[in-house]
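Breakdown of the fold
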Amino acid sequence: MIDSSAFQGKTAAYYTLGCKLNFSETSTFGKMLQEMGVRTIQKGERADICLINTCSVTEVADQKCRQAIRRMVRQHPGAFVVVTGCYAQLEAEEVAKIDGVSLVLGSNEKANLIQFLSDAWSGTKNEEVRTKTYRQKTKDIKTFAPSCSRGNRTRYFLKVQDGCDYFCTYCTIPYARGFSRNPTIASLVKQAEEAAQEGGKEIVLTGVNIGDFGKTTGERFIDLVKALDGVEDISRYRISSLEPDLLSDELIDYCAQSRAFMPHFHIPLQSGSDTVLRLMHRHYDAQLFADKIHRIKAVMPDAFIGVDVMVGCRGETPECFEETYEFLKGLDVTQLHVFPYSERPGTSALSIPYIVSEKDKKLRSKRLLDLSDEKTVAFYQKHIGQEAEVLFEKAPRGKAMHGFTKNYIRGELSAKDADTALDNRL
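Residues numbered from 1 in each chain as written. Predicted model: local features only at pLDDT ≥ 70, side-chain atom pairs only at ≥ 80, totals over all residues. Heavy atoms only, no water.

1. Points about the pattern of salt bridges
Per the stated rule, a full pass over the model turns up 28 salt bridges. Put simply, Arg314 and Glu343 hold a salt bridge, and the shortest N to O gap is 2.9 Å. Placement of Arg314 in the loop between strand 12 (304-311) and helix 12 (318-329) and of Glu343 in the loop between strand 13 (335-340) and helix 13 (358-381) is noted, with a sequence separation of 29 residues between them. The shortest N-O distance in the salt bridge between Arg364 and Glu316 comes to 2.8 Å. Here Arg364 is found in helix 13, whereas its partner Glu316 is found in the loop between strand 12 and helix 12, with 48 residues between them in sequence. Neither residue differs from the other here; Arg364 and Glu316 are each classed as buried. A single salt-bridge network, built from bridges that share partners, covers Glu25, Lys110, Lys159, Asp162, Arg177 and Arg181. (Salt bridge = Lys/Arg side-chain N within 4 Å of Asp/Glu carboxyl O. Helix = DSSP H or I, 4+ residues; strand = E, 2+ residues; numbered from the N terminus. Buried < 20%, exposed > 50% of the residue type's maximum accessible area, 1.4 Å probe, protein only.)

2. Considerations on the sheet that holds strand 12
The strand order across the open sheet built from three strands is 11-12-13, with neighbouring strands paired in parallel fashion. On the outer flanks of this sheet lie strand 11 (264-270) and strand 13, each paired with one strand and no other. Averaged over all neighbouring strand pairs, the angle between strand axes comes to 20°, with direction disregarded. Across six bridges, the pairing between strand 11 and strand 12 is parallel. Residue Phe265 lies in a different strand from strand 12, and its bridge partner there is Ile305. The strands that helix 11 (residues 286-299) touches are strand 11 and strand 12; relative to strand 11, the one it contacts most, it runs at about 165°. (Pairing = 2+ DSSP bridges. Axes fitted to C-alpha atoms, helices over the stretch in contact; angles between N-to-C directions. Contact = heavy atoms within 4.5 Å.)

3. Regarding the confidence of the model for the chain
When pLDDT is averaged along the chain, the result is 92; 94% of the residues meet or exceed 70. Counting interchain partners and residues more than four positions distant, the pLDDT-below-50 stretch residues 124-129 has four contacts. (pLDDT = per-residue confidence, 0-100.)

See below:
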């Protein structure tokens, strides 16, 4: 039973690390606490509750999580500090040892944040003054915590899926998030309709492995896309990331003619070398990836295509990296999200013998980032002089207002023009 009186008049501070999905979930946590009477602090205030939503995709991410937790403890002495997210799931005992942490919630437990807070404050679980830790094993992570959060005046983030069944050799996310699971299409359409009623115009679909939607309900991702396209008050949808082997031609063709799904894709490649892809246990080869890019450009010539690339993973010899570079150089993509490989404890990649030095990782990253800049500039130059519809986002009065075209080209209004636009709407 939840003791609602325990929440009244309290204040909260939030800190999020990692992906858009984490930011969406933190926003939902904030909304849950607000409904219980908890107010988000203003700048300079001290909080009664601190919630840190963590990431563990790299060793650097782990370090940032520890730093963030300690910083929040220092800034809000005496606060009830809750840590959740991927790092909390994978390293719960380590998190619990940090001075000032009050509650550690794993991936299965975070959906019941309010209940855990109520129990902790009422003392029904344990009267001892110590950190309480709740975490299920990976195989037992089965809950789905719904989330449809407001990012700004026009954009929402809708969580459509969680978990992953792929177990790539370099990745800990399946251990942190559990197996693939999802809610029903009907429930997601309802959330989209509610977002529209609140004034939302754009929804970004988020998840861990979105294209795997349907494992829980037997539905298909393409059916979800078609159903959401029918929510007419939402002007735009964007898909945050899709594995290339799950990006079907049917989906590409539908997006090309749909009412609201934008010509904007983000597709993880990780490597353009088939040798490395096999070492990673990815579910495709370079040719399949290239075929998907060609298909998109055939039906949506102006589509923005972002690509994830990992450099310096175990087994990536200089020859393998050159394969990746030349492969990407020849692809009609817009932007590369480049990140160096990070050794993760417990992953099978650690058994691969060839190790890339940190110096070589930095050199490879720079080459790909330079290539990315060339491709992005070329993409923008093709659109100079064209007219396009821009959906602007909220900006404080006196500040420039920015927004994006359908194919994700950033546009900006000067502060003066932005204020004029605001005045005309009032």
